[in-house]
Every structure is written in C-alpha cells, then in structure tokens.
Amino acid sequence: MISALKNRAGIRPIAVARTPAKAERLGVEVREGDYDNGPQLEAAFRGVDAVLLVSGMAPPAERLVQHKRVIDAAERAGVKRLVFAGIVVTESGNGFNAVQQTSTATEEYLKRSNLEWVIGQNGIYIEPDLEYLDNYRKAGKIANCAADGRCAYTCRPELALAYAEMLSEPRHLGETYVLAGRAITQSELAAAINDVFGTNLTYESMGVEECRAERQAALGDFIGAVIAGIYEG
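**So, the pattern of salt bridges**
Thinking step 1. For the structure shown, the criterion picks out 15 salt bridges.
Thinking step 2. Arginine 171 is the salt-bridge partner of glutamate 165, the closest N and O atoms lying 2.7 Å from each other.
Thinking step 3. Here arginine 215 ties to glutamate 214 by a salt bridge, and the two come within 2.4 Å at their closest N and O atoms.

Structure (structure tokens):
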C-alpha cells in the first residue's frame, strides 16, 4: 500500500500504527494510533487529507465499534475523504456472515458521516493459500467445506493499487467497488496451483462442522470459525 502511494506524484503517505517502531521499515512518517483510542486517532489524523480504514481483526461487535471510532476521529480531525477497505458480501447463513455484516454496517455508518467516501469490497486473498502451499504438498490435497462453491479471489498488490487510486483520485468519490477476480471452484484452484507450482494437488470436500473443528484446532476458536465460515460461504 505504501509503495503504491509513494509512486503517485504529490502524495505523502503517513502510516498509523499501535507500535510505531514496528512500522519504521516502511520509510515514511509513522504516527501512533489504536482503533481503541479515539483521541489518539484524532491526533494521528491531524493535517491528513484522506484516510484508508482497513477492516480490523477484532470480533464483529467490537470491530464495528472500532470502525466507527476511526470514522468519528477522522471527522473531528478535519479529514476530507475516508476510503474503507471492506469485504464482499456473500449469501447469508454461514459462519462468515457476522464479519460481513460488520463491514456492511461500517459502510452505512460512513455514508451517514460528513466525510467524502469511497468503498472497496475485497474478495478473499489468494496469498494465504500460497503461504500454505507446503502443507498442501504434504497432504497432497486442498481440503475444506467449500464443496462446488465459487470464490472470487484477489491479491494484495492489486488491492494496494486500487486503494491508492481511490485515495488520490476525486472521480471515485461516492463509489463502491467489488475488488475480486473471476470466481473459481476449489478444484479449479488446485488445478491452477498445480499448473504454476508443478504440484499434483486434488480437492477434497469436507463437512462444515469437520472443517470448523479442524480450523479452530489450528487457528483458535474465533479465527478458525471465520476461516471455515469463508469456505462455507
């Protein structure tokens, strides 16, 4: 994201981090800011024209409060534009819906604010699948509860370019963009990975409960349930 903004004339990116020392490697000014600290966020946003709000990682009810706090702080600080990096909303009735509803509620709250706004609805990142490639190789398969459902993946460098555009170009004001690629099945994903990485993966469909239990054992109750819910959705 920072690299994409650095390449735009007249743009001076500023990072906001809970622990600024951890973000020094970005090579830009870093200000201290925490989604749970409104006054701190307001101070961090002073003198800033546009803010990118990246969806938080807290449980849904707490996450929505955090998002509202960022939007309110931006208003008080005199920010002109807020760009929200949200989530594509799928059909209801799955374990990912609570997170998606938080994203939708944030969009609605932003639209009622006095800020100029642009909204991006991100597809599922492809990077975690690629980072998990060694595990797939060992198992010889991709296994989850997506069945024959299709997922419109996206990748983070492409999203960075999209959000740099939304932050800097006025023609996007008031627009909502679905940021995702062509939807594919998990079997097609396995075939694509095989083609690029020379693997020999197959896809195995699991039951939702089995998938949730496996992901929770590996990732913890909250994140595990979210990941299983993504595949279910």
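**Structural notes on the nonpolar core**
Thinking step 1. Core analysis: the largest hydrophobic core is formed by 20 residues, its most contacted members being Ile142, Tyr153, Leu189, Ile193 and Leu201.
Thinking step 2. Elements with a contribution of two residues or more to this core: helix H6 (133-139), strand S7 (141-144), helix H8 (186-197) and helix H10 (221-232).
Thinking step 3. For this core, the element with the highest residue contribution is H8, accounting for three residues.
Thinking step 4. Here leucine 189 is in contact with Ile126, Asp129, Ile142, Tyr153 and Ile184, once residues within four sequence places are set aside.
Thinking step 5. Within the second largest apolar cluster, 18 residues are counted, among which are Phe45, Ile71, Ala77 and Leu110.

**Section: the pairing of strand S3 (residues 50-54)**
Thinking step 1. Alternating positions in S3 separate cleanly, Val51 and Leu53 being buried on one face and Ala50, Leu52 and Val54 remaining unburied on the opposite face.
Thinking step 2. For the handedness criterion, the β-α-β arrangement of S3, helix H3 (residues 60-77) and strand S4 (residues 81-87) is classed as right-handed.

**Observations regarding helix H9 (residues 208-219)**
Thinking step 1. In a regular helix each residue adds 1.5 Å, so 12 residues correspond to 16 Å; H9 covers 16 Å between its end C-alpha atoms and thus fits that length.
Thinking step 2. Among the residues of H9, Cys211, Arg212 and Arg215 are the ones counted as buried. Each buried residue of H9 sits inside an arc of 100° when the element is viewed along its axis, so together they form one side. Opposite its buried face, H9 presents the exposed residues Glu209, Glu210 and Ala217, each directed more than 90 degrees away.
Thinking step 3. Where H9 ends, the next residue or the one after it, glycine 220, has phi of about 95°, a positive value.

**Here's the deal with helix H4 (residues 97-112)**
Thinking step 1. In this model, H4 (16 residues) spans 23 Å end to end at C-alpha, consistent with the 22 Å of a helix rising 1.5 Å per residue.
Thinking step 2. Buried within H4 are the following residues: Asn97, Val99, Gln100, Thr102, Ser103, Thr106, Glu107 and Leu110.
Thinking step 3. Where the residues of H4 are buried, they touch S3, H3, S4, strand S5 (116-122) and H10.

**What about the environment of glutamate 127?**
Thinking step 1. The residue glutamate 127 is located in helix H5 (residues 127-131) in this model.
Thinking step 2. Classification of glutamate 127 by relative accessible area gives buried; the value is 14%.
Thinking step 3. Separated by 26 residues in the primary sequence, glutamate 127 and tyrosine 153 have C-alpha atoms spaced 9.4 Å apart.
Thinking step 4. Ignoring any residue separated from it by four or fewer positions in sequence, one finds glutamate 127 in contact with Thr154, Cys155, Arg156 and Pro157.

Reading guide: rules and limits
- Residues numbered from 1 in each chain as written.
- Predicted model: local features only at pLDDT ≥ 70, side-chain atom pairs only at ≥ 80, totals over all residues.
- Heavy atoms only, no water.
- Salt bridge = Lys/Arg side-chain N within 4 Å of Asp/Glu carboxyl O.
- Core = buried A, V, L, I, M, F, W, Y, C linked by side-chain atoms within 4.5 Å.
- Buried < 20%, exposed > 50% of the residue type's maximum accessible area, 1.4 Å probe, protein only.
- Helix = DSSP H or I, 4+ residues; strand = E, 2+ residues; numbered from the N terminus.
- Contact = heavy atoms within 4.5 Å.
- Right-handed = clockwise from strand over helix to strand, strands pointing away.
- Expected span 1.5 Å × (residues − 1).
- Arc of directions from axis to C-beta.

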